[in-house]
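Structural description and commentary
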Protein chains: 2
Amino acid sequence: MIEYRDLRIAILGAGSVGAQVARLLLEHRQELSDRVGAGLQLVGVAVRDLDAPRTAEIPRELLTTDARSLILGADIVIELMGGIEPAREYLALALNSGADVITANKALLATHGPELFEIAEQVGAQLYYEAAVGGAIPIIRPLRDSLAGDRVRRILGIVNGTTNYILDRMDTEGDSLEEALDAATRLGYAEADPTADIGGFDAAHKAAILASLAFHTTVPLDAVHREGIEHVTHAQVEGAKHAGYVVKLLAVCERLTDPETGAEGVSARVHPALVPIGHPLAAVRGVNNAVFLEAEAAGSLMFYGAGAGGVETASAVLGDLVSAARRHVIGGPGITESTHGELPVLPITSVVTRYQITLQVADRPGVLATIATMFSDHGVSVEAVQQSVPEQAAEGEPDATATLVIGTHRATEAALAATVMALRAGDVVTEVTSVLRVEGL
Amino acid sequence: MIEYRDLRIAILGAGSVGAQVARLLLEHRQELSDRVGAGLQLVGVAVRDLDAPRTAEIPRELLTTDARSLILGADIVIELMGGIEPAREYLALALNSGADVITANKALLATHGPELFEIAEQVGAQLYYEAAVGGAIPIIRPLRDSLAGDRVRRILGIVNGTTNYILDRMDTEGDSLEEALDAATRLGYAEADPTADIGGFDAAHKAAILASLAFHTTVPLDAVHREGIEHVTHAQVEGAKHAGYVVKLLAVCERLTDPETGAEGVSARVHPALVPIGHPLAAVRGVNNAVFLEAEAAGSLMFYGAGAGGVETASAVLGDLVSAARRHVIGGPGITESTHGELPVLPITSVVTRYQITLQVADRPGVLATIATMFSDHGVSVEAVQQSVPEQAAEGEPDATATLVIGTHRATEAALAATVMALRAGDVVTEVTSVLRVEGL
């Protein structure tokens, strides 16, 4: 075997993931070098503050505040600082200097991915990002390589551990959203400002990345329909449980037919959804993540594991490092981003799914018929209705209201939205309490 | 982009997988070619009988009985004939002629893998085998690449769909082994001669492949301890259910410490085992497969999906085809087998796990104490004992027997075997009804 010079590795950022990558790289240097066939030398870790506390100790002489010089002397640059700038600038600098780049930065990939992939292709460098979605779970590589000969139809992903923990607590502990968020914050699962998680922004970044990869099509972040869990109520979670569902924040990426043109397109969306209790995704508890995938030939597949955590995510980063380093040793330009599909990205109104709508209605004869007509007038077919009359309401009283839970067959978002608007405008519905999509049926 | 000549693809075998690969390759030729950046031309399918019925129609002019000529004119050879010979000879011929090779042949890999990998390395060709384990489930690539920077501690795999279907039916339908096997045969899940599945041979092949890959160490087939499900009784399955377990045929690959030398080693074994009902593997029903994996950094991961089936397995084969074809277009020698670890492969006696032992004992005072002493004398620590006296046995009768179900703490196989031998030799145990390992606790 040809002896190969040591490969120079630079890490940008020494937060929870960066510090663990540095630790594992130093501790397992010999084993990793054996797997690569060349020495792996950590040449430095760029940080903002040399004295900040870390989850793992990094030798003082490896720390530097001069990221640019570090990047220019490295063969492989691992970016774990997060945020858009200066991460974007640093990665562009690294790629342009010929270094391969590894990142776990989903926000950067979802917003500036195409720009970075283009630089990489021009200079013949590689951009790896297994850790950007699903933490330790191998999902990027299976999508890019293992399923490259298949046609992915749909992805249902639980890709944000914080919101899954919160929804799980609301389901199992009976917590309100606020109580569950407090618990998540206490345990370190939620950040001081939880907006990125709760608002579905983090999941939307991941949906854009997954959809782009699965459909060989650039899906920009602003084409991802996004709803967070901020309006999920304890009543919804309880109601779901009684009806045989669990509420999950899902990233849904799918192939669609444009209802107007009949052309094939793709869609990506993030929102709370009802998942049947028997579906494998319903069993994904706590901060775990899972990606459930339907492909034309492969059928249903699921990938499950720890979606976050410093050391878990470090596993995915080090897998990318071994891949990148092997490429240095054995040569070859590697794999470029595949966007030959370039299918149109359709808006949420084109999506077809099932819905569960909870209504407060005047409890008088003929109401159900009126409401059923409003659904069918808008082309939404009702599958099941469950009516419950509050005990305290005496029968026949003019003010009495009943609760209707309506499950629909598959209908477009546009038809459903028009139905809900009509329900709100009419005089038989006193309140539309909840509208949830049902996925995985 | 540089125009690349069409790549010439040959398929050996047109059984349930081969026919589907040919169909999908012909149907999706343009899409797959776009992903590769070069045309993919199916130049022929080698079969034994030109007129045999197939699950998908293959144009007559593509069929040939002359496998050797077909191989020598191909850039990529896909072997889906199964069996050892002539598959081994054909793959060696293909590799020696410089073709890349794709196979789903686990028996061949488990017995002649090292030989084929060596030829591939010498000539700079590649050997892909994603479809050999777990059918459509991407498991080879995640193990080889995604987890390349981590250290796999243990793999628990349900890697044989036939036996999982049979055990599942025994659990859910109350079938005997024979009844469940009959049902599996009727549904086409079991072959006319079910020995390879029932006897655990198929699972042992896969265990050898997974262990070799996960531990970077050649694990020969004859080092895999193998027990099939032929002796699993309905009573064991029922008893497991009452105790909160499911019986699964598991492939267990793990890092171990040699109890004699203290050195690190690895072990691979296949046997029926009790899996706690709350473990993700317990939910794997019917003919599905799943691989549950524990790695040092990544924590627990699970990969789940269809473990067999023509079209599902074809998905994995086509993923390998795209990988192989991309390598032709973009160059680079690809990845060679990593066996630098070369850890010793330890015998089953070195394995440490938990056990559940069911005994028929004479129902008289002091028996439990006697038995407990026999366990502790051999260094096996009892965790729990459950005793049930048959209703028909009047108390104090000399012939009355009781059933004892004993759960142990972790102990070596050697210690457990010695304990069971002592139990059989003594006069208080009338029968050792069942000894099962407990995994996933």
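In this text, all values refer to a predicted model and were calculated from it rather than measured experimentally. (Residues numbered from 1 in each chain as written. Chains lettered and ligands numbered in written order. Predicted model: local features only at pLDDT ≥ 70, side-chain atom pairs only at ≥ 80, totals over all residues. Heavy atoms only, no water.)

This part takes up the sheet that holds strand β5 (residues 100-103) of chain B. All names here are of chain B. Spatially, the six strands line up as an open sheet ordered β3-β2-β1-β4-β5-β6, and their pairing is parallel. Strands with a single pairing partner mark the edges of an open sheet, and in this sheet they are β3 (63-64) and β6 (127-128). The pairing of strand β2 (residues 40-46) with β3 spans two bridges and is parallel. For Val-45, the partnering residue across the bridge sits in β3 and is Leu-63. Here helix α2 (residues 29-36) sits on the sheet in contact with β1 (7-12) and β2, set at roughly 120° to β2. (Pairing = 2+ DSSP bridges. Helix = DSSP H or I, 4+ residues; strand = E, 2+ residues; numbered from the N terminus. Contact = heavy atoms within 4.5 Å. Axes fitted to C-alpha atoms, helices over the stretch in contact; angles between N-to-C directions.)

What follows deals with the domain arrangement of chain A. Once the domains are mapped, chain A shows domain 1 (7-135 + 311-330), domain 2 (140-306) and domain 3 (351-438). The centre of domain 1 of chain A, based on its C-alpha atoms, is set 53 Å off from the matching centre of domain 3 of chain A. (Domains from an automatic or database assignment.)

A few words now on the sheet that holds strand β2 (residues 40-46) of chain A. Ordered by their spatial adjacency, six strands build an open sheet running β3-β2-β1-β4-β5-β6 (chain A), and the pairing between neighbours is parallel. Two strands lie at the open edges of the sheet, namely β3 (63-64) and β6 (127-128) of chain A, each paired on one side alone.

The next point concerns the side chain of B:Glu254. All names here are of chain B. Note on placement: Glu-254 falls in strand β9 (residues 245-257). Polar side-chain contacts of Glu-254 include one of 2.8 Å to the side chain of Arg-154. Within the structure, the side chain of Glu-254 is placed 2.7 Å from the side chain of Arg-269, a separation counted as a polar contact. (Polar contact = N/O pair within 3.5 Å; in protein donor to acceptor, adjacent residues only side chain to side chain.)

By a simple turn and slide, chain B fits onto chain A: the slide is 0.0 Å along the axis, the RMSD is 0.1 Å, and the turn is 180°. As the rotation angle and translation indicate, the two copies are arranged about a two-fold axis. Taken as a fraction of all interface residues of chain B, those also at the interface in chain A reach 100%, which identifies the copy contact as same-surface. (Least-squares fit on C-alpha atoms with pLDDT ≥ 70 in both.)

This part covers α2(B). Note that an α-helix has 3.6 residues per turn; residues three or four places apart therefore point the same way. Of the positions making up α2(B), those classed as buried are B:Glu31, B:Leu32, B:Ser33, B:Arg35 and B:Val36. Following α2(B) by one or two positions, B:Gly37 adopts a phi angle in the positive range, close to 90°. (Buried < 20%, exposed > 50% of the residue type's maximum accessible area, 1.4 Å probe, protein only.)

Take the environment of A:Gln20 next. Residues and elements named next belong to chain A. Among the secondary structure elements, Gln-20 is positioned in helix α1 (residues 16-27). Expressed as a C-alpha distance, the spacing of Gln-20 and Ser-376, which sit 356 residues apart in the sequence, is 57 Å. The residues contacting Gln-20, other than those within four sequence positions of it, are Thr-55, Ala-56, Gly-310, Val-311 and Ala-314.

As a further point, take the interface of chain B and chain A. Listed per partner, the contact involves 48 residues of chain B and 49 residues of chain A. A buried area of about 3900 Å², summed over both sides, lies between chain B and chain A, and 56% of it is on carbon and sulfur atoms. One salt bridge in this structure joins B:Asp145 and A:Arg326, with 3.6 Å as the shortest N-O distance. Only α2, α6 (140-146), β12 (299-306) and α12 (310-330) of chain B provide two or more residues apiece to the side of chain B that touches chain A. Per element, the largest residue contribution to the side of chain B that touches chain A is nine residues, and it comes from α12(B). For the side of chain B that touches chain A, a count of residues per class yields 22 nonpolar, 13 polar and 13 charged. Judged from the five bridges that link them, strand β12 (residues 299-306) of chain A and β12(B) form a sheet pairing that is antiparallel. Bridge pairing links A:Gly305 to B:Leu301 in β12(B). (Buried area = accessible area lost by both parts, 1.4 Å probe. Salt bridge = Lys/Arg side-chain N within 4 Å of Asp/Glu carboxyl O. Nonpolar A, V, L, I, M, F, W, Y, C, P; charged D, E, K, R; others polar.)

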